[in-house]
Amino acid sequence: MASQCKEISIPTADPNDPYAIPAAMPSSADRAPRSFDVADFAIPTRKQDDWRFTPVERMEEFFEVFQPAGKLAVEVSNIDGSSIDSDDVSVETVAMGQAPSGTIAKPNDRVSAVEWNSASSTLVVHVLRDLHQPVLIRIVGESTELDALHMAIVTEDRVHGDVVVEHAGKARLAEGVEISTGKDSHVSVTFIQEWEKGSKHIGNQRIHVGEGASLRHSVVTLGGDVVRIRMDQDFGGEQGDLNMLGIYFVDPGEHIEHRTMVVHNHPECKSRVVYKGALDGKDAHSTWVGNALIEPTAPGTDSYELNRNLVLTPGAIADSEPNLEIENGNIVGAGHASSVGRFDDEELFYLQSRGISEVEARKLVVRGFFGELVEEIGIESIAQHLMNVIDRRLAKGEDKAAQVVVEEN
Amino acid sequence: MATLEIKDLYASVETKEGRKQILKGVNLTVNSGETHAVMGPNGSGKSTLAYTLAGHPKYEVDSGQALLDGQDILTMTPDERAKAGLFLAMQYPVEVPGVSMTNFLRTAKTAVDGKAPAIRTWAKELNESMHKLRMDPKFATRSVNEGFSGGEKKRAEVLQLELLKPKFAILDETDSGLDVDALRIVSEGVNRAKENTGLGIMMVTHYTRILKYIKPDIVHVFADGHFVKTGGPELADELEENGYDEYLPEGADSESALA
């Protein structure tokens, strides 16, 4: 298969008439610059395609290099709180640009270049051998001073391991994460955002899935005034398997944005992207943009992406945009689905008519909506952890609703 | 001994053509242990009566009361009505994706009783009730009503009736869409609930078929938004024979979009 694709000759497109040879139309890979230099990227405006859903005026502080406050507490442990065996996982801090830092992929937009140039060092978490329990990287903020954090999560070939990254507290964070998984490894990486009110989080992840490796990448964003996480991925060889799951819950006035970019650059790789969100209240705003690029070098690609949004109360806005660029006709599949639905009045009445209160009914439906996705994770400790996080979030909503009732009386 | 007393109830619904009065002075008293059959032509407002009592937001009460042991349920939210002891078995039960039957039933039972059921007895009771209704145990793990056939949905409604143990049940065309066997199984479930708890039943139906299995004490004819005639079980046979024509206003169409 590999030798076969080397024989493909790609015609050069005429930039004045790109549609003359569709297969040679400029792809997003060609359009997107990669650079460590902030000056190579224009300051984001809503006129730029990548920023048209983003309230750029609410995150201007992330557009110029800054001095990080260094007030984040970062702890690495096993998920049960015990300390890590350094034979399993090595944890170290290296200078920016010292391998693996900066080697997995260069920054790809203004905010990621700013993060790169603002962060003082890179936290490297290197999984060396099979893990018996997930590694937990816990990041807790306590102020809204600007901070920058750069991480590299790397695994050896053929290892099985799970890494969970938790964000909590209050922060204004520019975060860069480079992830590279070894050949034939089976790895899961889960990012949880449980930010307090007033927090902002601009994340950029650059993900490289090893040849023959499977990566389950999960993102759970349950709070933050402005959260924008862009995740760009590619494969390191044939038979890679990428599974990206996302869950988000958006409160009034919050902007929660996830952008996935899956690049099929090698033959016979598989990708699945499933993001689900619930929006509650006025001016709750979610954005999901799912890009998938299937390059001419990737015959046998099997890709699918899906986004579902559940609008619980009126006044929320969900943007959902799948983009497929298919530059190879010899593929298994490239599908997408996207929907925005309202919490159904008939469902609510049915549950209420059985004695279940409105608050409890919403909770039940949202829990079910996310539960289907969490079940798919298949790792008991992580699925349980996520359901706990979601229950905590739903319980918070309940307190708030109860509070409203108290205030109204 | 409980009483459900509907007093001079008027209710309307918002339609494209404006507000339309559907219930026009409904009066009815149902006591524990009594089974009332409410029969009438399409569009007479039988289902509206059922949903208005249960508190569906589409229907607006203009005046009147529905007293459950002296408490007006019409001022309550639908969940409060359920907690007060009212149950509506719906003609078209709603699908709730992602919520398993077990989770739903336990949540409902906890809400209605005000405390969580004891795990062991609850599981036993659930299994027994499902078994008696000839329901596959797999139903418990499926999402509420999702992908259920018409007959399965009706069995699930009666399952809830048996488990939640209300004081009064409104059965809205529970017989529609059932084959003979399913009709018998569902009817047996309703009869069991009545025997076990002294349930009072208001059974809305077009046909006398279900009355062979669930014997009514009192039969009412409902037409043009209120009760027009009340009698014993023999009234049902008379209706089966002669239809509803004599109860319809001159020139009225028995088919209506508001059925």
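Residues numbered from 1 in each chain as written. Chains lettered and ligands numbered in written order. Predicted model: local features only at pLDDT ≥ 70, side-chain atom pairs only at ≥ 80, totals over all residues.

(A) Quick peek at the UniProt feature "domain: SUF system FeS cluster assembly SufBD core" (unreviewed entry) in chain A. Within the UniProt annotation, "domain: SUF system FeS cluster assembly SufBD core" (unreviewed entry) is assigned to residues 145-369 of chain A. Helix makes up 9% of residues 145-369 of chain A and strand 62%, with an end-to-end C-alpha separation of 35 Å. (UniProt positions renumbered as here; feature names shortened; annotations may be inferred. Helix = DSSP H or I, 4+ residues; strand = E, 2+ residues; numbered from the N terminus.)

(B) Focus on the confidence of the model for chain B. Here chain B shows a mean pLDDT of 92. Residues at 70 or above account for 96%. Across residues 254-259 of chain B, confidence stays below pLDDT 50; counting only partners more than four residues off in sequence or on other chains, it has 14 contacts. (pLDDT = per-residue confidence, 0-100. Contact = placed C-beta atoms within 7 Å.)

(C) Region of interest: the interface of chain A and chain B. Opposite the 19 residues of chain A that make contact, chain B presents 21 residues. Contributing elements (two or more residues each) for the side of chain A that touches chain B: helix 4 (345-352) and helix 5 (358-375) of chain A. Its residues assigned to classes, the side of chain A that touches chain B shows 7 nonpolar, 6 polar and 6 charged. (Nonpolar A, V, L, I, M, F, W, Y, C, P; charged D, E, K, R; others polar.)

(D) Structural view of the nonpolar core. By size, the foremost hydrophobic cluster in this structure holds 171 residues, and its most contacted members are A:Val125, A:Ile153, B:Ala89, B:Ala169 and B:Ile170. If you tally residues by element for this core, the top one is strand 4 (residues 135-155) of chain A, at 10 residues. When neighbours within four sequence positions are excluded, A:Ile153 is seen to be in contact with A:Val125, A:Val163, A:Val177, A:Ile179 and A:Val189. (Core = buried A, V, L, I, M, F, W, Y, C linked by C-beta atoms within 7 Å. Buried ≥ 20, exposed ≤ 12 C-beta atoms within 10 Å, placed from the backbone.)

(E) Just the sheet that holds strand 1 (residues 3-15) of chain B, in detail. Residues and elements named next belong to chain B. Across the sheet, 4 strands lie side by side as 2-1-4-5; this open sheet has antiparallel pairing. Edge positions in the sheet fall to strand 2 (18-31) and strand 5 (71-72), since each of these pairs with one other strand and no more. Of the pairings in the sheet, the one linking strand 1 to strand 4 (residues 59-68) comprises 8 bridges and is antiparallel in character. In the strand pairing of strand 4, isoleucine 6 is matched with alanine 66. (Pairing = 2+ DSSP bridges.)

(F) Just unusual backbone geometry, in detail. Residue and element names in this part refer to chain A. In this structure, proline 100 follows alanine 99 across a cis peptide bond, with omega equal to 5°. Residue placement: proline 100 occurs in the loop between strand 2 (89-95) and helix 3 (110-118). One non-glycine residue, arginine 158, adopts positive backbone phi at about 65°. Mapped onto the elements, arginine 158 comes out in the loop between strand 4 and strand 5 (160-180).

(G) Representation of the sheet that holds strand 10 (residues 200-205) of chain B. Residues and elements named next belong to chain B. Read from one edge to the other, the open sheet built from 6 strands follows the order 6-9-10-3-11-12, with strand pairing classed as mixed. Since the sheet does not close on itself, it has two edges, and those belong to strand 6 (86-89) and strand 12 (226-231), each with one partner. Neighbouring strand axes in the sheet, compared pairwise and without regard to direction, differ in orientation by 20° on average. In the sheet, strand 6 pairs with strand 9 (residues 168-172) via 4 bridges, with the strands oriented parallel. (Axes fitted to C-alpha atoms, helices over the stretch in contact; angles between N-to-C directions.)

(H) Just helix 4 (residues 119-132) of chain B, in detail. Residues and elements named next belong to chain B. Compared with the 20 Å implied by 1.5 Å per residue over 14 residues, the 20 Å span of helix 4 between its first and last C-alpha is a close match. Looking at helix 4, one finds that the buried residues are Leu126, Ser129 and Met130. The buried residues of helix 4 occupy one face: seen down the axis, they fall within an arc of 100°. Away from its buried face, by an angle of more than 90 degrees, helix 4 presents the exposed residues Arg120, Thr121, Lys124, Glu128 and His131. (Expected span 1.5 Å × (residues − 1). Arc of directions from axis to C-beta.)

(I) Spotlight on helix 4 of chain A. Counted residue by residue, helix 4 of chain A has 6 buried out of 8 residues, so it is predominantly covered. Listing the buried residues of helix 4 of chain A in full gives A:Glu347, A:Leu348, A:Phe349, A:Tyr350, A:Leu351 and A:Gln352. Close packing links the buried residues of helix 4 of chain A with helix 5 of chain A together with helix 2 (78-84) and strand 7 (96-100) of chain B.

(J) Region of the structure containing the environment of A:Gly223. Residues and elements named next belong to chain A. Structurally, glycine 223 can be placed in the loop between strand 8 (214-221) and strand 9 (226-235). Residue class for glycine 223 comes out buried when judged on the 22 C-beta atoms lying within 10 Å of it. A sequence separation of 56 residues divides glycine 223 from histidine 167, and the C-alpha atoms of the two residues are 10.0 Å apart.

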